[in-house]
Amino acid sequence: MAETPRGPSETPLLLDAMLGKLTTYLRMCGYDAAYALDRGRETDEKLLEIARDENRLLVTRDAELAESAGGLLLTSKDVTDQLGELADAGFALELSDPRRCANCNGELVAVAQADSTPEYAPDPAETETLRCPDCGQHFWKGSHWDAVKETLRGV
(Lines give C-alpha, C1' and ligand atoms only; values in the text may rest on other atoms or scores of the structure.)
Protein backbone atom coordinates (compact mmCIF):
# COMPACT_ATOMS: atom_id res chain seq x y z
CA MET A 1 0.00 0.00 0.00
CA ALA A 2 1.40 3.39 -1.00
CA GLU A 3 2.17 5.89 1.73
CA THR A 4 -0.10 8.94 1.85
CA PRO A 5 1.91 12.03 0.88
CA ARG A 6 2.68 14.53 3.63
CA GLY A 7 0.42 17.52 3.19
CA PRO A 8 0.73 21.14 4.21
CA SER A 9 -1.51 20.83 7.25
CA GLU A 10 0.61 18.23 9.03
CA THR A 11 4.18 19.28 8.29
CA PRO A 12 5.43 22.73 9.37
CA LEU A 13 8.83 23.32 7.81
CA LEU A 14 11.95 25.40 8.42
CA LEU A 15 14.15 25.99 5.38
CA ASP A 16 17.74 27.10 5.71
CA ALA A 17 19.29 30.12 3.98
CA MET A 18 20.20 28.10 0.85
CA LEU A 19 16.55 27.32 0.01
CA GLY A 20 14.86 30.68 -0.60
CA LYS A 21 13.29 29.84 -3.98
CA LEU A 22 12.06 26.51 -2.67
CA THR A 23 10.43 28.31 0.26
CA THR A 24 8.27 30.33 -2.13
CA TYR A 25 7.09 27.22 -3.97
CA LEU A 26 6.21 25.46 -0.72
CA ARG A 27 4.25 28.45 0.54
CA MET A 28 2.31 28.50 -2.73
CA CYS A 29 1.50 24.82 -2.09
CA GLY A 30 0.07 25.83 1.29
CA TYR A 31 2.95 24.74 3.53
CA ASP A 32 3.79 26.63 6.70
CA ALA A 33 7.36 27.17 5.50
CA ALA A 34 9.48 29.35 7.75
CA TYR A 35 12.67 30.62 6.11
CA ALA A 36 15.88 31.25 8.01
CA LEU A 37 16.60 34.62 6.39
CA ASP A 38 13.06 35.88 7.10
CA ARG A 39 13.92 35.35 10.74
CA GLY A 40 17.43 36.79 10.48
CA ARG A 41 18.76 33.39 11.56
CA GLU A 42 21.64 31.74 9.77
CA THR A 43 23.61 29.91 12.44
CA ASP A 44 23.08 26.19 12.82
CA GLU A 45 22.43 26.60 16.54
CA LYS A 46 19.60 29.09 15.95
CA LEU A 47 18.04 26.93 13.24
CA LEU A 48 18.14 23.88 15.50
CA GLU A 49 16.53 25.94 18.27
CA ILE A 50 13.70 27.16 16.00
CA ALA A 51 13.07 23.67 14.59
CA ARG A 52 12.88 22.23 18.10
CA ASP A 53 10.86 25.05 19.72
CA GLU A 54 8.33 25.28 16.87
CA ASN A 55 8.24 21.55 16.08
CA ARG A 56 9.31 22.15 12.46
CA LEU A 57 11.04 19.77 10.09
CA LEU A 58 14.34 21.37 9.08
CA VAL A 59 14.98 21.19 5.34
CA THR A 60 18.58 21.92 4.36
CA ARG A 61 21.39 21.26 1.91
CA ASP A 62 23.83 20.95 4.85
CA ALA A 63 24.39 17.25 5.66
CA GLU A 64 25.67 17.87 9.20
CA LEU A 65 22.78 20.18 10.02
CA ALA A 66 20.22 17.74 8.62
CA GLU A 67 21.69 14.95 10.74
CA SER A 68 21.78 17.11 13.90
CA ALA A 69 18.14 18.12 13.46
CA GLY A 70 16.80 14.80 12.23
CA GLY A 71 15.87 16.93 9.24
CA LEU A 72 15.54 16.43 5.52
CA LEU A 73 18.69 16.72 3.41
CA LEU A 74 18.34 17.99 -0.15
CA THR A 75 21.32 17.55 -2.46
CA SER A 76 20.38 19.61 -5.51
CA LYS A 77 21.01 23.31 -6.10
CA ASP A 78 18.25 23.59 -8.73
CA VAL A 79 14.79 24.40 -7.33
CA THR A 80 12.97 22.06 -9.74
CA ASP A 81 15.25 19.20 -8.69
CA GLN A 82 14.70 20.14 -5.03
CA LEU A 83 10.95 19.89 -5.61
CA GLY A 84 11.55 16.44 -7.08
CA GLU A 85 13.53 15.42 -3.99
CA LEU A 86 10.65 16.57 -1.77
CA ALA A 87 8.13 14.65 -3.90
CA ASP A 88 10.35 11.55 -3.62
CA ALA A 89 10.38 12.08 0.18
CA GLY A 90 6.58 11.91 0.21
CA PHE A 91 5.56 15.57 0.14
CA ALA A 92 2.36 16.55 -1.67
CA LEU A 93 3.31 19.32 -4.10
CA GLU A 94 0.32 20.90 -5.74
CA LEU A 95 -1.07 24.37 -5.69
CA SER A 96 -3.87 24.92 -3.27
CA ASP A 97 -6.02 27.97 -2.97
CA PRO A 98 -3.57 30.62 -1.78
CA ARG A 99 -3.22 30.37 2.01
CA ARG A 100 0.30 31.56 2.77
CA CYS A 101 2.13 34.72 1.85
CA ALA A 102 4.92 33.82 -0.58
CA ASN A 103 6.87 36.78 0.82
CA CYS A 104 6.71 36.29 4.62
CA ASN A 105 4.66 33.12 5.31
CA GLY A 106 1.75 35.00 6.93
CA GLU A 107 -1.75 33.61 6.59
CA LEU A 108 -3.65 35.34 3.78
CA VAL A 109 -7.07 36.93 4.10
CA ALA A 110 -9.54 37.73 1.34
CA VAL A 111 -9.87 41.31 0.15
CA ALA A 112 -13.52 42.34 0.08
CA GLN A 113 -14.87 43.21 -3.37
CA ALA A 114 -15.58 46.79 -2.25
CA ASP A 115 -12.05 47.33 -0.88
CA SER A 116 -9.29 49.06 -2.81
CA THR A 117 -5.95 47.47 -3.64
CA PRO A 118 -2.52 48.88 -4.53
CA GLU A 119 -1.85 49.81 -8.16
CA TYR A 120 -0.02 46.55 -8.86
CA ALA A 121 -2.96 44.38 -7.76
CA PRO A 122 -6.20 43.72 -9.64
CA ASP A 123 -9.58 45.09 -8.64
CA PRO A 124 -11.02 42.60 -6.11
CA ALA A 125 -14.47 43.06 -7.69
CA GLU A 126 -13.03 41.49 -10.87
CA THR A 127 -10.40 39.05 -9.56
CA GLU A 128 -10.25 37.22 -6.24
CA THR A 129 -7.49 38.99 -4.33
CA LEU A 130 -5.87 38.15 -1.01
CA ARG A 131 -3.76 40.21 1.35
CA CYS A 132 -1.16 39.32 3.93
CA PRO A 133 -1.96 41.12 7.19
CA ASP A 134 1.67 40.72 8.27
CA CYS A 135 3.49 42.41 5.36
CA GLY A 136 0.64 43.96 3.34
CA GLN A 137 1.48 42.12 0.09
CA HIS A 138 -1.46 41.30 -2.22
CA PHE A 139 -1.86 38.03 -4.14
CA TRP A 140 -4.07 36.62 -6.88
CA LYS A 141 -3.91 33.77 -9.38
CA GLY A 142 -2.13 35.35 -12.34
CA SER A 143 0.61 34.39 -14.79
CA HIS A 144 3.09 33.58 -11.99
CA TRP A 145 0.53 31.14 -10.56
CA ASP A 146 0.28 29.43 -13.94
CA ALA A 147 4.09 29.19 -14.26
CA VAL A 148 4.39 27.58 -10.81
CA LYS A 149 1.57 25.16 -11.68
CA GLU A 150 3.45 24.15 -14.84
CA THR A 151 6.69 23.63 -12.91
CA LEU A 152 4.94 21.44 -10.35
CA ARG A 153 3.30 19.43 -13.11
CA GLY A 154 6.77 18.45 -14.32
CA VAL A 155 7.91 17.20 -10.91
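Just above sits the structure.
Residues numbered from 1 in each chain as written. Predicted model: local features only at pLDDT ≥ 70, side-chain atom pairs only at ≥ 80, totals over all residues. Heavy atoms only, no water.

*Asks:* Describe in detail the overall build of the chain, supporting the description with residues and values.
*Replies:* For the chain, the count of helices and strands is 5 helices and 7 strands. Taking 155 residues into account, the globule formula puts the C-alpha radius of gyration at 15 Å, and the chain, at 16 Å, falls close to it. The dimensions of the chain, computed from C-alpha atoms along their principal axes, are 50 × 35 × 25 Å. Taken over 155 residues, the chain has a buried fraction of 42%. Across the chain, contacts joining residues at least 24 apart in sequence account for 49% of those joining residues at least 6 apart. (Helix = DSSP H or I, 4+ residues; strand = E, 2+ residues; numbered from the N terminus. Rg over C-alpha atoms; globule rule 2.2 N^0.38 Å. Buried < 20%, exposed > 50% of the residue type's maximum accessible area, 1.4 Å probe, protein only. Contact = heavy atoms within 4.5 Å.)

*Asks:* Which residues make up the sheet that holds strand S4 (residues 72-73), and what values do they have?
*Replies:* Spatially, 4 strands are ordered S2-S1-S3-S4 in an open sheet, and the strand pairing comes out parallel. Each of the sheet's edge strands pairs with one partner strand only, and the pair in question is strand S2 (33-35) and S4. Of the strand pairs in this sheet, strand S1 (residues 13-15) and S2 are connected by 3 bridges, and their pairing is parallel. If you follow Leu 13 over to S2, its bridge partner there is Ala 33. Contacting S1 and S2, helix H1 (residues 20-28) runs over the sheet at an angle of about 155° to S2. (Pairing = 2+ DSSP bridges. Axes fitted to C-alpha atoms, helices over the stretch in contact; angles between N-to-C directions.)

*Asks:* So what's going on with the nonpolar core? Residues and values would help.
*Replies:* In terms of nonpolar packing, the biggest core is built from 30 residues, with Leu 15, Leu 22 and Leu 26 touching the most fellow members. Secondary structure elements with two or more residues in this core: S1, H1, S2, strand S3 (57-60), helix H4 (79-88) and helix H5 (143-153). Of the residues forming this core, the biggest block, 4 residues, is contributed by H1. Residues within four places of Leu 15 in sequence aside, it is in contact with Leu 22, Thr 23, Leu 26, Ala 33, Ala 34, Tyr 35, Ala 36 and Val 59. Listed in part, the 8 residues of the second largest apolar core include Ala 34, Leu 47, Ile 50 and Ala 51. (Core = buried A, V, L, I, M, F, W, Y, C linked by side-chain atoms within 4.5 Å.)

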